[in-house]
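Next come the chains, spelled out residue by residue.
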2 protein chains.
Amino acid sequence: MQFHQNGFMPGDPTIADPADRYSAPRASEALPQEVDVLIVGCGPAGLTLAAQLAAFPDIKTCIVEQKPGRLLVGQADGVACRTMEMFNAYGFSERVLKESYWVNETSFWKPDDNNSDNIVRSGWVQDVEDGLSEFPHVILNQARVHDCFLDVMRHAPARLEPHYSRRLLDLQIDPAARVEDHAVTVRLERIDPEHEGQVETVRARYVVGCDGARSTVRKAIGRELHGDSANHAWGVMDVLAVTDFPDIRFKALIQSATEGSLLIIPREGGYLVRLYVELAKLEIGERVANRNITSDEVIAKARRIFKPYTLEVKEIAWWSVYEIGQRLTDKFDDVPEAELATRLPRVFITGDACHTHSPKAGQGMNVSMQDAFNLGWKLASVLRKRCAPLLLHTYSAERQAVAKELIDFDREWAAILASDKGAGEGFDPAETQRYFVQHGRYTAGTATHYRPSMLTGESKYQHLAKGLPIGKRFHSAPVIRLADGKPLHLGHIAEADGRWRIYAFASSGDPASSASAIRGLCDFLAEGRQSPVRRYTPDGADIDSVIDVRAVFQQAHRELAIGAMPSFLLPRKGRYGLLDYEKMFCPDLKAGHDIFATRGIDRDKGCMIVVRPDQYVAHVLSLDAYAELAAFFDGFMVRPEGK
Amino acid sequence: MQFHQNGFMPGDPTIADPADRYSAPRASEALPQEVDVLIVGCGPAGLTLAAQLAAFPDIKTCIVEQKPGRLLVGQADGVACRTMEMFNAYGFSERVLKESYWVNETSFWKPDDNNSDNIVRSGWVQDVEDGLSEFPHVILNQARVHDCFLDVMRHAPARLEPHYSRRLLDLQIDPAARVEDHAVTVRLERIDPEHEGQVETVRARYVVGCDGARSTVRKAIGRELHGDSANHAWGVMDVLAVTDFPDIRFKALIQSATEGSLLIIPREGGYLVRLYVELAKLEIGERVANRNITSDEVIAKARRIFKPYTLEVKEIAWWSVYEIGQRLTDKFDDVPEAELATRLPRVFITGDACHTHSPKAGQGMNVSMQDAFNLGWKLASVLRKRCAPLLLHTYSAERQAVAKELIDFDREWAAILASDKGAGEGFDPAETQRYFVQHGRYTAGTATHYRPSMLTGESKYQHLAKGLPIGKRFHSAPVIRLADGKPLHLGHIAEADGRWRIYAFASSGDPASSASAIRGLCDFLAEGRQSPVRRYTPDGADIDSVIDVRAVFQQAHRELAIGAMPSFLLPRKGRYGLLDYEKMFCPDLKAGHDIFATRGIDRDKGCMIVVRPDQYVAHVLSLDAYAELAAFFDGFMVRPEGK
C-alpha cells in the first residue's frame, strides 16, 4: 500500500476521504458510578487491556483518557514480532501486515575512512533471524495500532468506547474492603470545555494506571520511577523528504564522525520516514525542553550527519525532542513487598507508568502492550471467579523482571548509539552491528522468559518438547487441520479470549488405538475425577470454555479416520450440540513442516504443552502426568460456584 | 474463525452484536437525472463494476437494485483462485482469506460394492494443483462478498452507495446520439412502501444490466437466453447439522446407487455446510417451482443418499430448489453483429443476464465478477478519454467466448453429476474424479484465454516468457523489492485502478550499465517520441498514472545500487515530487523463488510483459521492441486533450 504521497493524513488509508477516517469521540456521557475495572489512559497499554476485558460482557470496564479524543499522529511506531503474534490473537494482525512497513533488513553506516566528514555503509544484517516468528517486525504509526484496538473494543461483546477529556484527581483504596468490594474510589475531573471542572466519582474493584511516565496513578499508590538522569538529547521527526541516501527505505543506523548518530525508520505508505537525530549532551539534570530546540535545528543536524547525501524535507508530519533516561519503579501494584502474604493488589500500573527508556530499540509500545496482555486475562479470570485473587500478585512479579531487563538492555544500546562512545576515536562499527544481531531475539520480544511460579511449571518434562521452553511464549508452527485439510499455524487458534490451551502432541503409534497415550489423556480429561477440564468448567458451559484442548498427531491427515478419534476431541457445543471439528491437527508433511521436528517434540512419548491465555508456555508434561496437570491448575484456579 | 455455532447470523462475524452488523440502506434519496454509467442490479457483477468505477471521482456512477437492501443470506458461495487474485486488486483478499472456508481437498464417494445402499469413499484429490495461484479456492457467503465491495465503494474516491427498491421499467437508446451524449434514457419505478409507484428518469451515457437471469436490460435490447431446457431438479440448503459422515468438512461429491447425487460444500465459520441434493428428473419444459417441494423433502432425500451415515439438521439458514439448464445469449451488448463497424455499444449485460447454468461447479459468481472486471476498466478508460470508444466492442467479444466455454463445461459436468449417467449400471467413480482434476484449472478461473485482438498481441515474442501466456491472466510470483528488501508478490502491486502495467524483466548483465537493455527501454519510455508513457500521460499527471512500469532484475537485491538505476524507475510524484521507491524488484533467491525460472523468462534477453488493468497479459515483447510497444498502445488509446 502506498499513501501519504501528497502529505501525511491520519486515519485508515483505505478510506479515500480523510473526513471519513475518524469518528467523533463519545466523551459526553457521564462515567458509570461503579465498575469492575477502571483503566486510566488510552495509550497502547490501556487499549490492549480494554480490548481484552471487552471480550467479557460480564465484566464492567471503563477506560478514561485525558486527551480530547483519539490519537491521530506521532509517538511510537515499532511493532515487534512478538507483538504481531499478540495482534493475531486480538484478530487484527492481517490489517497491520497490510498497512505497515516491514523491517526486513537493517543497514549500518560509519564515517568514511578516506574522508571522515562523509558516511559509508559498513554492513547489512537481516533484521529478524529466520524462524524466530511467523510474523515480521513491522513499523506502523501508534495511532493506527490504537485504531485497531478501538475497533476490537467497539465490536466486542462488552462494546467499549473510551471516555475522553478526563483528568484523574486522586484515588483512595479502602484497606478494610473485602475481595468483592469496590475498594478503590477514584475522582476525575472533566476537562472538555462543555463540562469543564465537573468532578465524577467512580468506585472500582480494580484500577489500572496506563497513564504514562508522569502517571498520576503511580503517584497515588506512592511509587516512583528510579534511575539515571537524562544526559542525551534527541530529536525525532516523521517527514516526507527527498534524499539520495540509498538506504532511506531501510532501517538504517548512521554513526558519523563528529555530528552524532541518526537512526532511520522507514514508515508505512512508502514515502514517510522517521528520523531519530542525536542532538546534544545535556548537563546533569538538564531538560531538553528548556533548550527551545526548533524543527529546523533538528533538520540541520540530520543534514550534517547525512553528508555526502542530501536531505530535503518537504513536510513534517510530527516531531519532538526528548532526553534519554532509563527509569524503573520497583513494583507494579499497590501492595508493598512486606505485605505480599496478607494483602491483595487493587491498583496496577503498566507501560511508561512503570518503565521509561529510549525509544530507539522500538521497545516501549511493545513492552507496554505485553504488560497489559499479561494483566488482562488475570483480572478477567479473577473477576469471573475462575482464578483465585492471589493470581494478581504474579503480574508485578513477572513484568517488573521484564522491565528490569529492558532498562539494562536500553542502557547499553543507548550508550552504543550515543556519540561519546560512538564513531570517534576507538570506534568499531562492527561492534554496533554485533550487539544488534546478538540482541535480535530480545528486540523481537521473543526472549521474555518467566521464572518458575504458580503459573510457570518446573522443567521436569522439558526434554519432551525442547523447542517450547516453559516460561517463554508458545512458538507457533504450521500444521494441517485433520477435519478439513486446512494448512494453518497452530498458535493462531489462540484468541485473546482468556482461555487456557493444552496442546497434546501424540506419541507414535495409532492415536485411535485404545492403548494410545492420547486416548488415555482424553479419557482422563473427559471423565477423570481430578480432571481440570471437568473441575473448572461451569455446568452447562461448552467443554472448552475454560481449558481448550487440541491434539496434534504424527500421521498425515489422510491416514487418520476422524470418526475413530476420542470423542473428547470432537466435542458437541452450543445450543444445537454441533460438533467442533477444529481440535485435531497433523504435521504439514507435504510442505515440509513437521512440527514434531521443528519444535523438538519427543516422538516416542509425545507430550502436553499447557499454554496461558497470554500465549506463554506454562508447563510441559508427559501425556500421562495427570496428577501433575491437575496439581498445576489446582494451584490457582477455583471451582465454579455450586460445583 | 469459528462462528454460526448457535445459529446462522448474517453480517461481519467479527462484530459481536448482530444489530451492529448492517447499516440501513440509503434508498431514500432520489436518483440523479444524468449519469455516466447506470448499473442495474446489486449482485456480484453489479458490485464489482460499481466498486471499479468508484475509484474514479471524475465518473458519475449510479447503481440501482430492486431488493429493499443489502443481501444477507444465501445464493452463491464459491470463490475461485482467480477471483481471489481480483479481490486482492480490490484490496480485500485478506478479509476473505480470514473469514472463508478453504477448499483444500475434494473427496469422492460411491456406492459400496458390498452393499450398494451404502456409500464409501472412492478417492481424494487436492482441490487446486500446486502453483496454480498464490491464493486458495475458498467458500464464502455471497452476501459477505457483497459487503466487501460495498465497503470498497463507500471508501473510494467517488463514494458510492446503491439505490435500493428500484425496478427498471424500460430503456431507450437514442440512435442519433453522439459519443459523448447521454444516449440512454431509463425509467425506473420506486417500489418501497414510502415511494411506491414513483417513476424516475435517468439519462446515462452507458447502462449495464447486472440484473440476473430474468434481466430486464437484456430484454430491452432485444436479446434472449438460448439453450437447453431444464431437466434436472436440485435442492440447495445451508444447514447447521450433526452427522457422522467423516468428510462433512471437506468438499465432497457423493454419487449413490439409486438416490442420486449430493455435493457437500463446507462453509465459513466451522459449522455451516451447504448441501446440493439431486431431487428428480423433470419433464421437458417442467419448472421445479411447480412441484412445491418442501425443505423436509430435500432433507429426507439427503438422508437417503448419506446412508449409512446419519444427518440431523438443526437449523436451515437458507434453502431453495432449482432446475439445471445451460443458457447463453449470443452477444453481451446492444450492437448487432452486422453493425459492429458503424455503431458503438451503449448498453451491456453481464453475469446471469447473459449466461445461466448449474451452480455446482462454483462458476456463476466468479464468471459474473470477471465479466464486470473486464468491462469496468474499459468503460472508465473511455469515459476518461484515455481509450477510444471502439474498445467497448471487446467486452462482448471476449466475455461471450468465455461464457460459451462455461456453458459447454457445465453441460458435461452436470451430466456426470446427474444420476442418469451416474452411479448405476456402468458407472465408473474414477471417471468423475478424473474429469474434476482435468478441469481444475478451468474451475479455478485461470484457464481464461483471450484471443488475439486489439487488446491481445500476437505471440511473436512469447518464447521470451513461456510461463506468461499472452491472453491469460498475469500469473504472479514472489519477488523482493529492491529499495526495502520486502518479500512480496509481483502481481499484488496491481490494484483495480484502471492503470496498465509493464513489467520489464531485465536481461543478464549489470542493469546499471549504460548499454543495458533495461536502461535503453527506460530511456525510450522516458524520452522517446513514440513512447506510450509520454504520449498518453496527461501533462501534470504522475508519470505512472496511465502506464505503470516496473522492473525486475536478475541480481539479488544487495548486489544492486539503487542510485545507479535509471531515474525513470525512481520517479518523482505528487505535489512534493517525492521519490516512488516501489518500481524495482529482484528475485527472492534466499527463499528459492527465482521468478525468471518460475515464469520461464529468457535470461539472456529479458522481456516486457504488458498487462491490462484487469490483470490479463496483453503482450509479451522483447525489451527493444519499442515500435511494437508503441503500435500496440496506439491501437486503442487516445492522446490526452491538448497533447
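Below: a short report on this structure. (Residues numbered from 1 in each chain as written. Chains lettered and ligands numbered in written order. Predicted model: local features only at pLDDT ≥ 70, side-chain atom pairs only at ≥ 80, totals over all residues. Heavy atoms only, no water.)

**A look at the sheet that holds strand β7 (residues 137–139) of chain B**
Residue and element names in this part refer to chain B. Convention followed: Two strands are said to pair when DSSP picks up at least two bridges between them. In this description a helix means any DSSP run of H or I spanning at least four residues, a strand means any run of E spanning at least two, and both kinds are numbered starting from the N terminus.
Ordered in space as β3-β7-β4, the 3 strands form an open sheet in which the pairing is antiparallel. Each edge of the open sheet carries a strand with a single partner, namely β3 (78–79) and β4 (101–103). Note that β4 and β7 share 3 bridges and pair antiparallel. Considered in β7, the bridge of Val103 is made with His137.

**Looking at the nonpolar core**
As a reminder of what qualifies: What we call a nonpolar core is a set of buried Ala, Val, Leu, Ile, Met, Phe, Trp, Tyr and Cys residues that are connected through their side-chain atoms within 4.5 Å. Each residue's exposure class comes from its accessible area (1.4 Å probe, protein chains only) as a fraction of the maximum for that residue type: buried when under 20%, exposed when over 50%, partly exposed otherwise. Contacts are residue-level and defined by heavy atoms, with any inter-residue pair within 4.5 Å sufficient.
Ranked by size, the top nonpolar core spans 174 residues in total, and within it Phe505(B), Phe553(B), Ile609(B) and Phe633(B) carry the most contacts. With 10 residues, the top contributor of residues to this core is helix α7 (residues 364–383) of chain B. Those residues in contact with Phe505(B) that lie beyond four places of it in its chain are Leu468(B), Leu490(B), Val552(B), Ile595(B), Phe596(B), Ile601(B), Gly606(B), Cys607(B), Ile609(B) and Leu623(B). Formed by 173 residues, the second largest nonpolar core is a distinct cluster that contains Leu468(A), Leu521(A), Leu240(B) and Ile254(B).

**Quick word on the interface of chain A and chain B**
Inclusion rule: Put simply, buried area is how much 1.4 Å-probe accessible surface two parts lose in total, over both of them, once they are put together. Basic side-chain nitrogens of Lys or Arg form a salt bridge, by our definition, when they fall within 4 Å of a carboxyl oxygen of Asp or Glu. In the analysis that follows, any N or O atom pair within 3.5 Å is treated as a polar contact, provided that within protein one partner can donate a hydrogen and the other can accept it, and provided that, for residues neighboring in sequence, both atoms belong to side chains. Three categories are distinguished: nonpolar for Ala, Val, Leu, Ile, Met, Phe, Trp, Tyr, Cys and Pro, charged for Asp, Glu, Lys and Arg, and polar for the others, with Gly belonging to the last.
On the side of chain B, 61 residues touch chain A, which itself brings 61 residues to the contact. Between chain A and chain B lies a buried interface of about 5,400 Å² when both sides are counted; carbon and sulfur atoms form 49% of it. Of all residues in chain A, Arg558(A), Tyr576(A) and Leu578(A) give up the largest surface area on contact with chain B, accounting jointly for 13% of the area buried on that side. Linking chain A with chain B are 8 salt bridges. Linking chain A with chain B are 24 residue pairs in polar contact (both at pLDDT 80 or more). Listed by contribution, the elements that provide at least two residues to the side of chain A that touches chain B are α3 (93–99), β4 (101–103), β6 (119–126), β12 (232–243), β16 (311–324), β24 (572–573) and β25 (578–579) of chain A. Counting residues per element, the side of chain A that touches chain B draws most heavily on β12(A), which supplies 4 residues. In the side of chain A that touches chain B, the residues fall into 25 nonpolar, 16 polar and 20 charged.

**Details of the environment of Leu169(A)**
All names here are of chain A. With respect to the helices and strands, the residue Leu169 is situated in strand β8 (residues 166–173). With 51 residues separating them along the chain, Leu169 and Ala220 place their C-alpha atoms 9.4 Å apart. Setting aside anything within four residues of it in sequence, one finds Leu169 in contact with Arg187, Leu188, Glu189, Val199 and Thr216.

**A short note on unusual backbone geometry**
Cis geometry marks the peptide bond from Lys307(A) to Pro308(A), where omega comes out at 10 degrees. One can find Pro308(A) in the loop between α6 (295–306) and β16. Positive phi is not limited to glycine here, since Ser165(B) has a value of about 60 degrees. By secondary structure assignment, the location of Ser165(B) is in the loop between α4 (142–155) and β8 (166–173). Positive phi is not limited to glycine here, since Gln615(B) has a value of about 80 degrees. Looking at the element boundaries, Gln615(B) is found in the loop between β27 (607–611) and β28 (617–621).

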